[in-house]
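# Commentary on secondary and tertiary structure
Listed below are the residues making up each chain.
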Amino acid sequence: MKKVGIVMGSDSDLPILQKSIDTLKSLDIPYEVHVYSAHRTPVEARDFSFYARERGFGVIIAAAGMAAHLAGAVAANTTLPVIGIPCKSSNLDGLDALLSTVQMPTGIPVATVAINGGANAAILAAQILAVSDTELASKLDAKRASDAAKVLEKDAAIAAQFN
Ligand code: RP5
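A brief report on the enclosed structure follows. Bear in mind that the values here come from a model prediction, so they are computed numbers and not experimental data.

## Topic: the overall build of the protein
Scanning the protein from terminus to terminus reveals 6 helices and 5 strands. In the protein, the succession of helices and strands from N to C terminus is β-α-β-α-β-α-β-α-β-α-α. If you line up the protein on its principal axes, its C-alpha atoms span 60 × 40 × 30 Å. Across the 163 residues in the protein, those meeting the buried criterion constitute 40%. Of the contacts formed within the protein by residues at least 6 apart in sequence, a portion of 66% connects residues at least 24 apart. Surface summary for the protein: the accessible area is close to 8900 Å², and the carbon and sulfur share equals 57%.

As structure tokens, then:
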């Protein structure tokens, strides 16, 4: 199976990426994690992106906060699908990172998930890999069913309390 590349602009973003890592682990998807900043280590960020396809990656998750250019910089250097996670910072609640991540020019898309959407980024990465992997697609179907069952349990509890 192709690997998922996970890059973050700073190790301070790790709590958000931990949700991505946990989700990929639960689906038995191989991954590699790095701290590469578009601003502080632009050469390493470029090289990782540029060689990602030949190094066996199928999709890249890139997370950054504030002036969040990492996902866009990664996308500029690969035609692998790139999923951007805007990370919330203390001053602007993540709106700065959301706009920096999502507003890409035509030709260089970044599939942007919600602010701090670490789990959804991993699920989307899994869905991309599952296009050509029926076993992984079955795992995603099972996860959907299990998530739905949990909601129905909550419905039963709320209904028993109020109806
Ligand atoms: C961004 O600046 C990083 O992705 C992080 O979200 C934010 C703050 O970085 P640190 O100052 O905590 O290293 O580049």
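## Things to note about the sheet that holds strand 5 (residues 111–112)
Reading across from one edge, 2-1-3-4-5 is the order of the 5 strands in this open sheet, with parallel pairing throughout. At either margin of the open sheet sits one strand with a lone partner, and together these are strand 2 (31–35) and strand 5. Pairing between strand 4 (residues 82–87) and strand 5: 2 bridges, direction parallel. Across the sheet, Ile83 pairs through a bridge with Ala111, a residue of strand 5. Of the strands in this sheet, strand 3 (57–65), strand 4 and strand 5 touch helix 4 (residues 95–102), which is tilted by about 160 degrees from strand 4.

## What about helix 4?
For an α-helix, the turn length of 3.6 residues means that residues three or four places apart are oriented alike. All buried positions along helix 4 are accounted for by Asp96, Ala97 and Thr101. Buried residues along helix 4 cover an arc of 120 degrees about the axis, so they all sit on one side. Against strand 3, helix 3 (70–76), strand 4 and strand 5 lie the buried residues of helix 4.

## Considerations on a nonpolar patch on the surface
On the surface, Leu95, Leu99 and Val102 cluster together to form a nonpolar patch covering roughly 250 Å² of accessible area. Considering the arrangement of structural elements, one finds Leu99 in helix 4.

## Thoughts on the side chain of Ser49
Structurally, Ser49 can be placed in helix 2 (residues 42–51). Filtering out sequence-adjacent residues up to four positions away, Ser49 remains in contact with Val74, Asn77 and Thr78.

## Describing the nonpolar core
Residues Val4, Leu17, Ile29, Ile61, Ile83 and Ile85 are the most contacted members of the largest nonpolar core, which totals 24 residues. The greatest single-element share of this core, amounting to 6 residues, is contributed by helix 5 (residues 118–130). Among all residues touching Ile61, those that are not within four sequence positions of it are Val4, Gly5, Ile6, Val7, Leu17, Ser20, Ile83, Ile85, Ala121, Ala122 and Ala125. Membership of the second largest hydrophobic core comes to 19 residues, among which are Tyr36, Ala75, Val82 and Val110.

## Considerations on the pairing of strand 3
A large share of strand 3 lies buried, amounting to 8 of its 9 residues. Relative to strand 3, strand 1 (residues 3–8) runs parallel, the two sharing 6 bridges. In the strand pairing of strand 3, Val4 is matched with Val59. Examined bridge by bridge, strand 3 and strand 4 share 6 bridges and lie parallel to one another. Its bridge partner being in strand 4, Ala64 is matched across the sheet by Pro86.

## Points about the site of the ligand
All residues adjacent to the ligand are Gly9, Ser10, Ser12, Asp13, Arg40, Ala64, Gly65 and Met66. One nitrogen or oxygen atom from the main chain of Gly65 is found 3.0 Å from an oxygen atom belonging to the ligand. Out of a free accessible area of 360 Å², the ligand has 70% covered by protein chains.

Calculation rules
- Residues numbered from 1 in each chain as written.
- Predicted model: local features only at pLDDT ≥ 70, side-chain atom pairs only at ≥ 80, totals over all residues.
- Heavy atoms only, no water.
- Helix = DSSP H or I, 4+ residues; strand = E, 2+ residues; numbered from the N terminus.
- Buried < 20%, exposed > 50% of the residue type's maximum accessible area, 1.4 Å probe, protein only.
- Contact = heavy atoms within 4.5 Å.
- Areas by Shrake-Rupley, 256 points an atom, 1.4 Å probe, with all protein chains shown as cover.
- Pairing = 2+ DSSP bridges.
- Axes fitted to C-alpha atoms, helices over the stretch in contact; angles between N-to-C directions.
- Arc of directions from axis to C-beta.
- Patch = residues over 30% accessible without salt bridge, like charges linked within 9 Å, V, L, I, M, F, W, Y side chains within 5 Å.
- Salt bridge = Lys/Arg side-chain N within 4 Å of Asp/Glu carboxyl O.
- Core = buried A, V, L, I, M, F, W, Y, C linked by side-chain atoms within 4.5 Å.
- Near = heavy atom within 4 Å.
- Polar contact = N/O pair within 3.5 Å; in protein donor to acceptor, adjacent residues only side chain to side chain.

By themselves, these observations are geometric and do not establish any function.
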